[in-house]
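Observations on the three-dimensional arrangement
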Amino acid sequence: MTKPVSPWDSPGFLRFWTASTVSGFGTYVTTLAIQVLIVLSLHQGSVAVGLVSAARWLPYLLFGLVAGVLIDRTRRRPLLVATDLGRGVLLVGIPLLAVTHQLTLSVLMAFMAVFGLMSLLNDAAFQSYVPRLVPTNLLTAAHARLDQSDAVSQTSGPALAGGLVSLLTAPWAILVDAASYLVSGILLMRISVAEPPGQPLSIRGVRQDAVEGLRWVYKHPTLRLIALNTHGWFLCSAVVGAVMPAFALRTLDLSPFGLGLALAGGGVGGLAGSLAATRLGARWGSGRVIVACRALSAVSWSFVALSTPHWYGWLVFGAGQLLFGFSLGAENANEMGYRQAVTPDRLQGRMNATMRSINRAMIVIGAPVGGFLGDTIGYRPMLWAGAGGFLVVALALGLSRFRDART
């Protein structure tokens, strides 16, 4: 059998990539639609944006470690299919409640908490399924291909979302995401790559397995460094993410469509970054690329903080999103490729779920706090605080031994 020289040569990767692209497109529509729904339809501020974001990621904090154990004990494709179909059905409920005037902030938070639980399982299974589709030497390239399609979705999704929100209103635009999850689930059903048989579901040994995953991440000489630093990055991201929608819609006076176009700039940057990710990692090493990208995050949010309610200020805002997208696109494939290359298959689920659960815990903490401080002391000061936090994160990682890490 010929050894694969590209992710596309690996059986099942094309369908997996297509499913990821379709669901990713819908996700970017819903991300903007939910933010607009909170600010304009429910007439709430950045505190509410932060609370909904916290509800979305709370299951990662509560159940993340258990989810990692489950992923390592079961076949991953059936879980991907079930959670995609489940999320598609769940999202249909938001426009139905909106049209009957029963959609409130608390109801929306409850919906997003259930959505977050299914996303927790899907995310851990998704990341852990890639090493079963492609060989270790192609992991960075595979994640780069996934990031490239995600960047294209990010480019077109928010712009389309802005148009759909303006035309249909925010709740109905969410139906696009519901359809995308249903299509993704059907595509994943058709992947025929063999997986090791799963273990019988049991709570026996869950604690020991979860502790083993924690030890692997936080005692590993380099995984520990990137894990702790990434937790700080997510805290900063949660703060600026809670403040940005209200800042754009109210301070900058952008329309939903204008905000969608600006966020689409992040997709353009993400595509460029993901296209360059493999070459940058091969030349400079994963560690140096990730450090540089985290420094670029600080620069990008400084641009956002400098933007003003004029056409040239909107361009500065869009430029900040473009740079931020580039930093994410160039960083993610290198980080994921490195993490998965140094982790054995039996620990992939726990490694991914452990890091994601603590990362999302930072959102649960940072989003409400950032939203509260944004409404209290101002959106712009909090954007500057977030940019400063990103700079501290980059410096801390750059001064550690992780800067020399290579896949």
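As a starting point, this report considers the structure included with it.

Of the regular secondary structure elements, the protein holds 13 helices and zero strands. In sequence order, the secondary structure elements of the protein are arranged as α-α-α-α-α-α-α-α-α-α-α-α-α. Taken against the 2.2 N^0.38 rule, which gives 22 Å for 407 residues, the C-alpha radius of gyration of the protein at 20 Å falls within 12% of a compact globule. Principal-axis analysis of the C-alpha atoms gives the protein an extent of 60 × 50 × 40 Å. In the protein, which comprises 407 residues, the proportion classed as buried is 58%. Restricting the contact set of the protein to residue pairs at least 6 apart, pairs at least 24 apart contribute 88%.

Attention shifts here to the packing of aromatic side chains. By the definition in use, this model includes 11 aromatic pairs. Judged by centre distance (5.0 Å) and plane angle (55°), the ring pair of Trp57 and Tyr60 falls under tilted. With Trp57 and Tyr60 both in helix H2 (residues 46-73) and three residues apart, the pair spans about one turn of that helix. Just as Trp57 is buried, Tyr60 falls in that class too. Note on Tyr338 and Phe402: the rings are 5.6 Å apart at their centroids and 90° apart in plane angle, and the pair reads as edge-to-face. Residue Tyr338 is located in helix H11 (residues 311-341), and its partner Phe402 is located in the segment after helix H13 (379-398); the two are separated by 64 residues in the primary sequence. You can call Phe402 buried: its relative accessible area is 0%. An aromatic cluster is built from Trp233, Phe234, Trp301, Phe324 and Phe390, whose rings are joined through pairwise contacts. The ring of Trp57 has Arg56 lying over it, and the distance from NZ or CZ to the ring centre is 3.9 Å.

The next subject is the environment of Val316. Along the chain, Val316 falls in helix H11. When near neighbours in sequence (up to four residues on either side) are disregarded, Val316 contacts Phe303, Leu306 and Ser307.

Quick look at a nonpolar patch on the surface now. Together, Val92, Leu96, Val99, Leu167, Leu168, Trp172 and Leu175 make up an exposed nonpolar region whose accessible area comes to about 600 Å². With respect to the element layout, Val92 can be found in helix H3 (residues 76-99).

Looking now at helix H7 (residues 206-219). For an α-helix, the turn length of 3.6 residues means that residues three or four places apart are oriented alike. With 14 residues, H7 should cover 20 Å at 1.5 Å per step; its first-to-last C-alpha distance of 20 Å lies within 8% of that length. All of the buried residues along H7 are Val206, Ala210, Gly213 and Val217. The buried residues of H7 occupy one face: seen down the axis, they fall within an arc of 60°. Summarising the geometry of H7, the exposed residues directed more than 90 degrees from the buried face are Arg207, Gln208, Arg215 and Lys219.

This part covers the packing of helix H8 (residues 223-251) against helix H9 (residues 256-284). Where H8 contacts H9, the two axes come as close as 9 Å, and the packing angle between them is 125°. In this view, H8 runs oblique relative to H9, as classed from their interaxial angle. Where H8 crosses over H9, the handedness of that crossing is right-handed. Across the interface between the two elements, Met244, Ala248 and Leu249 of H8 pack against Pro256, Leu259 and Leu263 of H9. By residue class, the composition of the contact of H8 with H9 is six nonpolar, no polar and no charged.

What follows covers the pattern of salt bridges. Going through the model one piece at a time under the given rule, you end up with six salt bridges. Across the pair Arg294 and Glu335 runs a salt bridge, and its minimum N-O distance is 3.4 Å. Here Glu335 lies in helix H11 and Arg294 lies in helix H10 (residues 286-306), a separation of 41 residues in the sequence. The residues Arg294 and Glu335 share a single accessibility class, namely buried. For Arg339, the salt bridge goes to Glu335, with nearest N and O atoms at 3.1 Å. In this pair, Arg339 and Glu335 both sit in helix H11, four residues apart, roughly one turn of the helix. Accessibility classification places Arg339 together with Glu335 in one group, the buried group.

The phi dihedral of His101 is positive, around 60°, even though this residue is not glycine. On the basis of relative accessibility, which here comes to 76%, the residue His101 falls in the exposed class. Positive phi outside glycine occurs at Asp253, with the angle close to 60°. As for its placement among the helices and strands, Asp253 is situated in the loop between H8 and H9.

Criteria and thresholds
Residues numbered from 1 in each chain as written. Predicted model: local features only at pLDDT ≥ 70, side-chain atom pairs only at ≥ 80, totals over all residues. Heavy atoms only, no water. Helix = DSSP H or I, 4+ residues; strand = E, 2+ residues; numbered from the N terminus. Rg over C-alpha atoms; globule rule 2.2 N^0.38 Å. Buried < 20%, exposed > 50% of the residue type's maximum accessible area, 1.4 Å probe, protein only. Contact = heavy atoms within 4.5 Å. Phe/Tyr/Trp six-rings, centres within 6.5 Å; stacked < 30°, edge-to-face > 60°. Lys NZ or Arg CZ within 6 Å of the ring centre and 35° of its normal. Patch = residues over 30% accessible without salt bridge, like charges linked within 9 Å, V, L, I, M, F, W, Y side chains within 5 Å. Areas by Shrake-Rupley, 256 points an atom, 1.4 Å probe, with all protein chains shown as cover. Salt bridge = Lys/Arg side-chain N within 4 Å of Asp/Glu carboxyl O. Expected span 1.5 Å × (residues − 1). Arc of directions from axis to C-beta. Axes fitted to C-alpha atoms, helices over the stretch in contact; angles between N-to-C directions. Parallel < 35°, antiparallel > 145°, perpendicular 65-115°, else oblique. Left-handed = near helix turned anticlockwise from the far one by under 90°. Nonpolar A, V, L, I, M, F, W, Y, C, P; charged D, E, K, R; others polar.

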